[in-house]
Amino acid sequence: MFLSFFLSKRSRLFSRCLHVGKQFSCPSSEDIVFGSICVNLRHRRWKFLEQVSPSLTNALVSRVVRQFQNSPQLAWEFYNWVVEKKGFTHSLASCCVLIHVLIKSRRFDDALSLVENLMHVNRMSPLEVLDGLVDSYEFCDSSPAVFDTLVRACTHCGATEGAYAVIRKLRMEGHFVTIHAWNNFLSHLLKLNEIGRFWNMYKEMISYRYIENVNTFNLVVYAHCKECKLLEAISTFYRMLKSGIWPNVVTFNMIIDGACRMGDIELALKLVQKMGVMSGNSVSPNSVTYNSIINGFCKLGKVAFMEVIRSNMTKAGVKPNVWTYATLIDGYARRGCLEEALRLCNEMVERGLMPNTVVYNSILHWLFTEGDIGGASLVLSDMIDKHVFPDQFTYNTLIKGLCRNGYMMQAFKFHSQLLEKNVIEDTFAHNILINYLCKSNNLSGAMQLVGSMFIHGLIPDLVTYGALIDGYCKEGKVESAVQIYDKMAKVEKEPNMVIYNSILNGLCKEMPVDVARRMVDSLKSMGLPDAITYNTLINGYCGCGNIDEAFALFLEMRKGGRLVNRVTYNTLINFLCKFGCIQQAKELMKRMVLQGLLPDFITYTMLITCFAKNCSPDEVVELHDYMVLKGVIPDRQTYRTIVSPLLGKENEETRV
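Now for a description of the structure that goes with this document. These figures come from a predicted structure and were not determined experimentally. (Residues numbered from 1 in each chain as written. Predicted model: local features only at pLDDT ≥ 70, side-chain atom pairs only at ≥ 80, totals over all residues. Heavy atoms only, no water.)

Quick look at the overall build of the protein chain now. Helix and strand counts for the protein chain come out as 39 helices and zero strands. By the compact-globule yardstick of 26 Å for 656 residues, the protein chain is too spread out, its C-alpha radius of gyration being 36 Å. Overall, the protein chain is about 155 × 60 × 55 Å in size when its C-alpha atoms are taken along their principal axes. Here the protein chain holds 656 residues, and the buried ones make up 46% of them. Long-range contacts, defined as pairs at least 24 residues apart, comprise 60% of the intrachain contacts of the protein chain with a sequence gap of at least 6. Working note: accessible area of the protein chain is about 35100 Å², and carbon and sulfur atoms make up 54% of it. Separation of charge centres in the protein chain, based on 70 positive and 62 negative side chains, amounts to 8 Å. (Helix = DSSP H or I, 4+ residues; strand = E, 2+ residues; numbered from the N terminus. Rg over C-alpha atoms; globule rule 2.2 N^0.38 Å. Buried < 20%, exposed > 50% of the residue type's maximum accessible area, 1.4 Å probe, protein only. Contact = heavy atoms within 4.5 Å. Areas by Shrake-Rupley, 256 points an atom, 1.4 Å probe, with all protein chains shown as cover. Lys, Arg positive; Asp, Glu negative; His and termini not counted. Charge placed at Lys NZ, Arg CZ, Asp CG, Glu CD.)

Tallied over the entire structure, the rule returns 21 salt bridges. Asp109 serves as the salt-bridge partner of Arg152, at 3.4 Å between the closest nitrogen and oxygen. Within this pair, whereas Arg152 is found in helix α9 (residues 145-156), its partner Asp109 is found in helix α7 (residues 108-120), the two being separated by 43 residues in sequence. On the accessibility criterion, Arg152 (27% relative accessible area) is partly exposed. Looking at Asp109, the relative accessible area reads 55%, which means it is exposed. The shortest N-O distance in the salt bridge between Arg334 and Asp330 comes to 2.8 Å. Remark: Asp330 and Arg334 occur in helix α20 (residues 322-334); sequence separation between them is four residues, near one turn of the helix. Using a relative accessible area of 41% as the deciding quantity, one classes Arg334 as partly exposed. Asp330 sits in the buried class, given a relative accessible area of 16%. (Salt bridge = Lys/Arg side-chain N within 4 Å of Asp/Glu carboxyl O.)

Take the layout of surface pockets next. Here the largest pocket is characterised by a volume of approximately 560 Å³. In terms of residue count, the dominant contributor to the lining of the largest pocket is helix α15 (residues 249-261) (six residues). Across the lining of the largest pocket, the residue classes break down as eight nonpolar, six polar and three charged. (1 Å grid on protein atoms, 1.4 Å probe; cavity = no way out; pocket = protein on both sides within 12 Å on 5 of 7 lines; lining within 4 Å. Points joined across faces, edges and corners; volume = space filled by probe spheres on them. Nonpolar A, V, L, I, M, F, W, Y, C, P; charged D, E, K, R; others polar.)

We now examine the packing of aromatic side chains. The full count for this structure, using the stated rule, is 17 aromatic pairs. Considering the side-chain rings of Trp182 and Tyr208, the 6.2 Å spacing of their centres and the 50° angle between planes classify their relative orientation as tilted. Here Tyr208 lies in the loop between α12 (195-207) and α13 (214-226) and Trp182 lies in helix α11 (residues 179-191), a separation of 26 residues in the sequence. Their ring planes at 40° and their centres at 4.8 Å tell us that Phe575 and Phe579 sit as a pair that is tilted. Residue Phe575 is classed as buried on the basis of its relative accessible area, which comes to 5%. Its relative accessible area of 54% is what places Phe579 among the exposed residues. In this structure an aromatic cluster arises from ring pairing among Phe176, Trp182, Tyr208 and Tyr210. Sitting above the plane of the Tyr208 ring, Arg171 keeps its charged end 3.5 Å from the centroid. A cation sits over an aromatic face here: Lys590 above Tyr626, 5.3 Å from the ring centre. (Phe/Tyr/Trp six-rings, centres within 6.5 Å; stacked < 30°, edge-to-face > 60°. Lys NZ or Arg CZ within 6 Å of the ring centre and 35° of its normal.)

Unusually for a residue other than glycine, Asp141 sits at a positive phi of about 50°. Structurally, Asp141 can be placed in the loop between α8 (126-135) and α9.

What follows concerns the packing of helix α6 (residues 92-104) against α8. Close contact between α6 and α8 brings their axes to 9 Å; oriented N to C, the two are set at 70°. It follows from the interaxial angle that α6 and α8 lie roughly perpendicular. With respect to the hand of their crossing, α6 and α8 are arranged in right-handed fashion. Residues Leu92, Cys96, Ile99 and His100 of α6 lie in contact with α8, whose contacting residues are Glu128, Val129, Gly132 and Leu133. The class makeup of the residues in the contact of α6 with α8 is five nonpolar, two polar and one charged. (Axes fitted to C-alpha atoms, helices over the stretch in contact; angles between N-to-C directions. Parallel < 35°, antiparallel > 145°, perpendicular 65-115°, else oblique. Left-handed = near helix turned anticlockwise from the far one by under 90°.)

That is the geometry; function is a separate question.
Pasting the structure below:
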């Protein structure tokens, strides 16, 4: 009895153990490795982890990373340790899991670098990365911010089409694309200066009923300012207020900078004064605001006003920064006040601000413009002593400055040194030298330099071809110019109007003018001719004595609207003067005034010289008086040699 009871109890216990055994089966080898890694990773026992590293797989790495999503630093360290110590190649899946973890912990920069690494190092397309992120999206309980990061990575590395492809595919597959992703893409288009595409994408975004935020409005304001549409920018500002969104300092700075660039300093100053009122007292001017105003006055050459703004800036508690000084220095240098510019350099150093390459490049440029080679050399030495490294602009400024002042051999020697050090990144330096060689009629030397470009992996651009074509045309070698043009067409370089006009000028000088006319007609059918095109052809007609065709083209230009300019009138007036049509030349000058075009010193010199040879002294003085009263500034040499002797000492000063 007892035995049977014992046996039955034992059998029930055994069956229960079997049942429990089914619930708690033996862990797999991967589970054991996983558990071991997690325990030791928490304590950063890297030496122990090295022992289990041969067992690592992409699936296991993904599992560990996901396990430590609440400790993203450990997940990040483990991910990098696997690569650095073991030469392990992560799969797209394991990378995407870590990206989700980093995004959830708001480590956006780390996530961005990981996405960029996938595209640059692993050579994956944006859509391949997107597929990986979508596959692990729900599994990692992620957020749309991960897609924002992918779009941002695309724009960072210049993959414009990739960024838009990501946005489009997300929408097609029903995933939410945030306003931040759209803003990033729109901002990228503005940086590329693709204004037309910006507006198309903006309209597409609005059609999906997105609610614009302050950054979106700022981008729209910036786009209007880039197009010089100040009224539209201000209209957007008020639309922003109506939408219940308060502008930030960026909004104001964009409009202020736009106004300054368009020369409307008065509006810019009013915006600065009313910034507090217009923003609900939430915004005040910062260094960018004041720098924009200073830059506006700099471009207008109003140095005294720049100093007033700097004084107001200091009173408002905003410290001048490097860019403030860079703008002031450039402003003084533009006005020829190089001593004051150099004094400001010393002042900024005394205030603990180190001049950057922009400051040095500006001073170097204006010293070369003044012909002060010694001063430029001293500034360059100071730049090197202060460990401010020259950039491409510095090199180009030095080469151009040496050429401009007649030091061609030194420019070529310096250029060769730069090529040996492999620091030339673009065609600009080559183009400077090629242009000066062409102007010096050294076309063979220019062609040799073009060959050097190919050797150093630089592809000639429109500026290169334009300089060569212009050089050959001015030498009268139109056929050689056309050969260069053909080479340019073969490499799919679309010629611009500078190139077309150079060829046209060559045709006018070396071929029958009818050939040049056919070229203009061809350009006209494409809607390309500009004022220079027509002026060149008019000069061609004048050169061969075809006055009827010259004036017929002049009338055609007037019908076209804004094509007639001062050069057009001066060309025709010069032609009439040469052929003794004195009164007709004078009448054309008066018509010029009626058209709102002020004659310049060239017009003055041509007419006064012609009248002095063919008319009475009274007629010369009468013409002088008429032109001066209309606002013409006489050419000093012409006035002294021709007009002054005719006036008499009594009224000489009053007449001028």
